[in-house]
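Coordinate inspection notes
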Amino acid sequence: MWKLTRRLQPRINSTRWLTRNFRSGEAGNATGLYGFDHLKTAKGFQRFVADAIERSGELVSYISGMPSSPEIIKAMDEISDTVCCVVDSAELCRQTHPDREFVEEANKAAIEMNDYLHHLNTNHTLYAAVKKAEQDSNLLTKEASRTAHHLRMDFERGGIHLDPEKLDKVNNLTTNIFQLCREFSENIADDPGHVDIFPASRIPRHLHHLLNPTYRSTSGGSRGSTRSAHKSKQKGFRINTDPRTLSSILQWTSDEEVRKMVYIQGNSVPHANHGVLEKLITARHELSQMMGCNSYADFMVEPNLAKSPKVVTSFLQELSKTVKPKADEEFIAIRDFKREKCGNPSAELEPWDETYYTSMMKSSVNDVDTAVVASYFPLPQCIEGLKVLVESLFGATFHTVPLAPGESWHPDVLKMSLHHPDEGDLGYLYLDLYSRKDKYPGCASFAIRGGRKISETEYQLPVLALVCNFSRARDSSVVKLNHSEVEVLFHEFGHALHSLLSRTDYQHFSGTRVALDLAEMPSNLFEYYAWDYRLLKRFARHHSTGETIPEKLVNSLQGARNMFAATEMQRQVFYALIDQMLFGEQPETARDVSHLVAELKRQHTSWNNVEGTHWHIRFSHLLNYGAGYYSYLYAKCFASTIWQSICEEDPLSLNTGTLLREKFFKHGGAKDPAELLTDLAGKEIISVHGEGIIPATTYLLNELRL
């Protein structure tokens, strides 16, 4: 039942558990991490786990007595909430807390709760109770009936209906898959790869702060370490080829040999993940076979809108054919631009050239200077933009509230409340936006506690954290975002609003707990606001003069936005097809994964595959989105349709926001996903394809001029 807790949000339950262990962080009262009294110290995770297991045990005993079906569903949801509270809090702590003791205790808590989840998932008494409740659907509300159905399906997707021997194998496979996913991630973090470049002048000065100096003897002797340079030593830079640094080097470094070296190194590590990925593919396939499916892709896609990998693959291949002619044109344009710039009419375009030359082309054609653009987006003003957005759309305020002593995990963290004048507080959002050592490297929305109805007069408010990694420049105290970072901020805020605005009876369907191929729609929709001058002019101010961002500059940004839309679409289709192929039906004889990836790249993109590179071994989406990466493209199609048909004409009106909230956000996953989409945007947003549903592509393709 709770095998897939990471797609759930979080946490607490009965009023007794709620009031004893969680506070919303009253400013003067000391509390623990995230407002949980248990977490005043790292060791508090032990008590947090113990109390959650104790409370869940009480609820299991209660359900064993077979109370009424509504009470069964309420108690089951409370178990889920209690367990997810600990799991999600531990996950956020593991990824962001600077204190190693907290991280280590959170790791232990995650492992212990994962073991307990296995116990719950194999509890036949709970399974029988859920089946009873589902059969009594006439006694339940529509949402409770849907919850009962999904709980029963979740139990069965965990293998509880299998004989004991098979169930034991399923549990062992699940544990193995969990461990392999963790190993894959740890390998990426531990082995980012590196390249040493000499002399230092080959690297643009504005990138020096990202790199570590290194030295070698000018006479060609052995390379020195990163200690102070002697006069006979030549200074260079050690470039760690983690994704963020790699992207910066590829965009800004004019030296093609440097770009080639870092591209090849960055797309060839960590070598250990070749074996891990092979084992993961095998384990997931074996799991799916145990569950009666032809492939892991079948197992993962079936609960979603698409229903079948055949539907997904057909959708992706059709997109690939549609964008190929335009993508080929873009490739030729980039190649010709490179030949002009380097003065070599026969120069070939290589993958390490793409970011460098497309950035240059966007700037030259549209007169876009990224440094100038960033000067209008100091981070505090961007947060003001989020405030303007929620006030305009939803009539709500998004304001800073004091953190209680012990509630925060770092001095940079802010706590925000989403407050409606008629409804009161709607939920809380922690902002942890600055990069720092050993922090989660990307941008994401982390659940802490999900919303749910406790009684007729009390609602448990959602709490979550928005985590980003925006860098402070060494020569400035002001953090300025480039426009792609602004877009990322609005993307993640879309996820946050999905949770903050949902008002489901059960936390099982709170916020983002929807079908996988619908989950990214709100985040993609809110990216559009990062491009709309009607919003930008209300918050984008020059960090030193206070000047409003010029409309001409925004128009230039918009002109550059879709210059290489077909190339980007091709890339996303390629990624999604790899995901489907790796976890689809397996051949009888072993296959070479790197060869498969290279062949798919040849078929579905305009770019060469560089011999010896294996970028898929650090494609972490294969873990959390195994066989589900296509959902990003589904979301882009849905979002484009909704933006153009509902939002674009008057994107900041209360009418637009009310429609979004009432027809979509407030329902979370409590309604059928196809029904949610058609209620909001009409029947034309989807179409039936075989046994599943695909999004209409017309709006997106027109938007991208494809």
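As the structure is a prediction and not an experimental result, all values here were calculated from the model.

The next thing to look at is the overall build of the protein. Looking only at helices and strands, one finds 26 helices and 12 strands in the protein. Relative to the compact-globule value of 27 Å for 706 residues, the protein shows a C-alpha radius of gyration of 26 Å, a close match. Dimensions of the protein, computed from the C-alpha atoms along their principal axes, are close to 80 × 65 × 55 Å. In the protein, the proportion of contacts linking residues at least 24 apart, taken out of those at least 6 apart, comes to 74%. Of the roughly 29000 Å² of accessible surface on the protein, a fraction of 49% belongs to carbon and sulfur atoms. In the protein, 79 side chains carry a positive charge and 89 a negative one; their mean positions are 4 Å apart.

The strands making up a sheet associate through hydrogen bonds between their backbones, and the pairing can be parallel or antiparallel. In spatial order, the strands read S1-S3-S2; together these three strands make up an open sheet with antiparallel pairing. Strands with a single pairing partner mark the edges of an open sheet, and in this sheet they are strand S1 (194-197) and strand S2 (212-217). When strand polarity is set aside, the average angle formed by the axes of neighbouring strands in this sheet is 35 degrees. Relative to strand S3 (residues 233-240), S1 is paired through four bridges, and the arrangement is antiparallel. If you follow Ile197 over to S3, its bridge partner there is Phe237. With respect to the sheet, helix H9 (residues 256-266) is in contact with S1 and S3, its orientation differing from that of S1 by roughly 160 degrees.

Here we come to the packing of aromatic side chains. Following the criterion strictly, the structure yields 34 aromatic pairs and no others. Ring plane angle 40 degrees and centroid distance 5.2 Å describe the contact between Tyr625 and Tyr632, whose orientation is recorded as tilted. For the pair Tyr625 and Tyr632, a shared accessibility class is recorded, and that class is buried. Pairwise contacts between aromatic rings join Phe394, Phe526, Tyr528, Tyr529, Trp643, Phe664 and Phe665 into one cluster. Against the face of Phe299 rests Arg157, its NZ or CZ located 4.0 Å from the ring centre.

Quick look at the nonpolar core now. Ranked by size, the top nonpolar core spans 133 residues in total, and within it Phe377, Tyr529 and Ile642 carry the most contacts. Once residues lying within four places of it in the same chain are set aside, the contact partners of Tyr529 are Leu389, Leu393, Phe490, Leu535, Leu536, Trp643, Cys647, Pro651, Leu652 and Thr656. Core analysis: the next-biggest nonpolar cluster, separate from the first, contains 55 residues, Phe36, Val49, Leu120 and Val130 among them.

With 21 residues, helix H2 (residues 44-64) should cover 30 Å at 1.5 Å per step; its first-to-last C-alpha distance of 30 Å lies within 8% of that length. Where H2 is concerned, the buried positions are Gly44, Phe45, Phe48, Val49, Asp51, Ala52, Arg55, Ser56, Leu59, Val60 and Ile63. Positive phi appears at Met66, one or two residues downstream of H2, with a value of about 50 degrees.

On to helix H4 (residues 100-121). The end-to-end C-alpha distance of H4 is 31 Å, a good match for the 32 Å that 22 residues give at a rise of 1.5 Å each. The N-capping residue of H4, defined by a side-chain oxygen 2.8 Å from the backbone nitrogen of Glu101, is Asp99.

Quick look at the packing of helix H3 (residues 69-96) against helix H5 (residues 124-135) now. Axis separation between H3 and H5 bottoms out at 9 Å; the angle between their running directions is 130 degrees. Put simply, H3 runs oblique to H5. For H3 against H5, the interelement crossing comes out left-handed. For the pair H3 and H5, the contacting residues are Ser69, Ile72, Ile73 and Met76 in the first and Leu126, Ala129, Val130, Lys132 and Ala133 in the second. A breakdown of the residues in the contact of H3 with H5 according to their chemical character gives seven nonpolar, one polar and one charged.

It is worth spelling out the environment of Ser247 at this point. Relative to the helices and strands, Ser247 is located in helix H8 (residues 243-252). Spatially, the C-alpha atom of Ser247 lies 30 Å from that of Glu547, the residues being 300 residues apart in sequence.

Once that is clear, we can look at the pattern of salt bridges. The final tally for this structure, using the stated rule, is 32 salt bridges. In this structure, Glu354 engages Arg571 in a salt bridge whose closest nitrogen and oxygen atoms are separated by 2.9 Å. With a gap of 217 residues between them, Glu354 in helix H13 (residues 354-366) and Arg571 in helix H20 (residues 565-582) connect regions that are remote in the sequence. Note that Glu675 and Lys671 form a salt bridge whose closest N and O atoms lie 3.7 Å from each other. Where salt bridges share partners, they join Glu256, Arg259, Lys338 and Asp353 into one cluster.

With that out of the way, let us pick up the environment of Asp190. Mapped onto the secondary structure, Asp190 falls in helix H7 (residues 164-190). You can call Asp190 exposed: its relative accessible area is 66%. Residues Asp190 and Pro270, 80 residues apart in the sequence, show an inter-C-alpha distance of 8.3 Å.

Turning to the side chain of His410, a few remarks are in order. Following the sequence through the fold, His410 ends up in the loop between strand S4 (397-400) and strand S5 (414-420). Using a relative accessible area of 19% as the deciding quantity, one classes His410 as buried. A polar contact is formed between the side chain of His410 and the backbone nitrogen of Asp412, at a distance of 3.0 Å. Leaving out residues up to four positions away in the same chain, His410 has contacts with Pro98 and Arg436.

This part takes up the sheet that holds strand S6 (residues 424-434). Pairing is mixed in the open sheet, where five strands are placed in the order S4-S5-S6-S10-S7. In this open sheet, the two edge strands, each paired with only one partner strand, are S4 and strand S7 (444-449). For this sheet, the mean inter-axis angle between neighbouring strands, taken without regard to orientation, is 25 degrees. Those strands touched by H3 are S6, S7 and strand S10 (463-470), and its axis lies near 140 degrees from that of S7.

As a further point, take the layout of surface pockets. Taken as a whole, the second largest pocket holds about 340 Å³ of empty space. Contributing to the lining of the second largest pocket are 13 residues, with Trp531, Gln558, Arg561, Trp643 and Glu648 lying nearest its centre. Those elements giving two or more residues to the lining of the second largest pocket turn out to be helix H18 (533-536), helix H19 (551-561) and helix H23 (631-647). Per-class residue counts for the lining of the second largest pocket are four nonpolar, three polar and six charged.

Thresholds, definitions, all that
Residues numbered from 1 in each chain as written. Predicted model: local features only at pLDDT ≥ 70, side-chain atom pairs only at ≥ 80, totals over all residues. Heavy atoms only, no water. Helix = DSSP H or I, 4+ residues; strand = E, 2+ residues; numbered from the N terminus. Rg over C-alpha atoms; globule rule 2.2 N^0.38 Å. Contact = heavy atoms within 4.5 Å. Areas by Shrake-Rupley, 256 points an atom, 1.4 Å probe, with all protein chains shown as cover. Lys, Arg positive; Asp, Glu negative; His and termini not counted. Charge placed at Lys NZ, Arg CZ, Asp CG, Glu CD. Pairing = 2+ DSSP bridges. Axes fitted to C-alpha atoms, helices over the stretch in contact; angles between N-to-C directions. Phe/Tyr/Trp six-rings, centres within 6.5 Å; stacked < 30°, edge-to-face > 60°. Buried < 20%, exposed > 50% of the residue type's maximum accessible area, 1.4 Å probe, protein only. Lys NZ or Arg CZ within 6 Å of the ring centre and 35° of its normal. Core = buried A, V, L, I, M, F, W, Y, C linked by side-chain atoms within 4.5 Å. Expected span 1.5 Å × (residues − 1). Polar contact = N/O pair within 3.5 Å; in protein donor to acceptor, adjacent residues only side chain to side chain. Parallel < 35°, antiparallel > 145°, perpendicular 65-115°, else oblique. Left-handed = near helix turned anticlockwise from the far one by under 90°. Nonpolar A, V, L, I, M, F, W, Y, C, P; charged D, E, K, R; others polar. Salt bridge = Lys/Arg side-chain N within 4 Å of Asp/Glu carboxyl O. 1 Å grid on protein atoms, 1.4 Å probe; cavity = no way out; pocket = protein on both sides within 12 Å on 5 of 7 lines; lining within 4 Å. Points joined across faces, edges and corners; volume = space filled by probe spheres on them.

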